Amino acid sequence: MAQRISLGLAIIIFLAGVVFTGLFNMGLAYTNELEFCTSCHSMQVNLKEYQETVHYKSASGVRAVCSDCHVPKSFGPKMVAKVLAYKDVLHEILGTLDTPEKYEAHRWEMASEVWEKMKSTDSRECRSCHDWDAMDLAEQDRSARKRHGRARDEGKTCIDCHKGIAHEEPDEPEEEEASAEG
């Protein structure tokens, strides 16, 4: 009798684990959708800018969505990114970025934070689509071929040259303003 209860309990725990894993993965997938990412009022500035880029509309029909650039593919780094996204929800609730003016006031700080993260990971998310080994430099125009070849040789990462590729690149604050704020 005790053996049957143990087997039954093991089956229930296993099935509960399968259900939890499925729901967890569905939740992760849902929060990586463009519609979810841009559902907050404060993300409307980002959405309009993004819709004007090659990452949104391209000749090949390939579209990179928010999570392709901002959420790592690997499980561990993805979980860290998802947990740290609490600050985005917090700022939405607090209304920190709820007008274009407020958004612009924080643009440099937000962009710098993303650039630093991308630089520290060797533009990991960019490279899931734009890998050095997959680039055919011979098919690129002369300027791109030269710059990409040099960047690869110098160990540069995508964000070193491609800031402002999916969102408007902010103006660096004046030194007096930066020192007064810091």
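Reading guide: rules and limits
- Residues numbered from 1 in each chain as written.
- Predicted model: local features only at pLDDT ≥ 70, side-chain atom pairs only at ≥ 80, totals over all residues.
- Heavy atoms only, no water.
- Helix = DSSP H or I, 4+ residues; strand = E, 2+ residues; numbered from the N terminus.
- Rg over C-alpha atoms; globule rule 2.2 N^0.38 Å.
- Buried < 20%, exposed > 50% of the residue type's maximum accessible area, 1.4 Å probe, protein only.
- Contact = heavy atoms within 4.5 Å.
- Patch = residues over 30% accessible without salt bridge, like charges linked within 9 Å, V, L, I, M, F, W, Y side chains within 5 Å.
- Areas by Shrake-Rupley, 256 points an atom, 1.4 Å probe, with all protein chains shown as cover.
- Salt bridge = Lys/Arg side-chain N within 4 Å of Asp/Glu carboxyl O.
- Lys, Arg positive; Asp, Glu negative; His and termini not counted.
- Charge placed at Lys NZ, Arg CZ, Asp CG, Glu CD.
- Expected span 1.5 Å × (residues − 1).
- Bend = angle between axes of the 7 residues up to and from the residue.
- Disulfide = S-S within 2.5 Å.
- Core = buried A, V, L, I, M, F, W, Y, C linked by side-chain atoms within 4.5 Å.

Take the overall build of the protein next. Summing up its helical and strand segments, the protein has 11 helices and 0 strands in all. Starting at the N terminus and ending at the C terminus, the protein contains elements arranged as α-α-α-α-α-α-α-α-α-α-α. Against the compact-globule benchmark of 16 Å for 182 residues, the protein has a radius of gyration of 21 Å, which places it well outside the compact range. Projected onto its principal axes, the C-alpha coordinates of the protein cover approximately 75 × 45 × 30 Å. Buried residues in the protein amount to 23% of all 182 residues. A sequence separation of at least 24 residues applies to 61% of the contacts in the protein between residues at least 6 apart.

Judged by side-chain polarity, L7, I11, F14, L15 and V18 come together as a nonpolar surface patch covering roughly 510 Å² of accessible area. Its place among the elements puts L7 in helix α1 (residues 2-30). Looking at L7, the relative accessible area reads 55%, which means it is exposed.

Before going further, it helps to examine the side chain of T96. On the secondary structure map, T96 appears in the loop between α6 (86-94) and α7 (100-120). If we ignore the near neighbours within four places in the chain, the residues touching T96 are H91, K102 and H106.

Positive charge collects at one region of the surface, where R142, R145, K146, R147 and R150 lie side by side. Within the secondary structure, K146 is located in helix α9 (residues 142-154).

Taking 1.5 Å of rise per residue, 21 residues should cover 30 Å, and α7 covers 29 Å from first to last C-alpha, within 8% of that figure. For α7, the principal kink sits at H106 and spans about 50°. Of the residues one or two after α7, D122 is the one with positive phi, at around 55°.

Moving on: the environment of K48. Mapping K48 onto the fold places it in helix α3 (residues 44-50). In the structure, K48 is positioned 10 residues away from T38 in sequence and 9.9 Å away in space, judged by C-alpha atoms.

Right, let's talk about the pattern of salt bridges for a bit. One pass over the full model with this rule turns up 12 salt bridges. Close ionic contact of K119 with D160 constitutes a salt bridge, the shortest N to O distance being 2.5 Å. In this pair, K119 sits in helix α7 while D160 sits in helix α10 (residues 158-161), placing the two residues 41 residues apart along the sequence. A salt bridge links K156 to E154; the shortest N-O distance between them is 3.7 Å. Salt bridges here are not isolated pairs; linked through shared partners, they connect E49, E104 and R107.

We now examine the state of the cysteines. Scanning all chains against the criterion turns up 0 disulfides. C126 supplies the cysteine sulfur nearest to C69, a cysteine that is in no disulfide, at a spacing of 6.2 Å. Classification of C69 by relative accessible area gives partly exposed; the value is 22%.

Glancing now at the nonpolar core. In this structure, A111, W115, M118, C126, C158 and I159 together form the largest nonpolar core, which totals 6 residues. When residues of this core are traced back to their parent elements, those giving at least two are α7 and α10. Here this core gets 3 residues from one element, more than from any other, and that element is α7. Ranked by size, the runner-up nonpolar core spans 5 residues in total, among them L34, L47, Y56 and V65.

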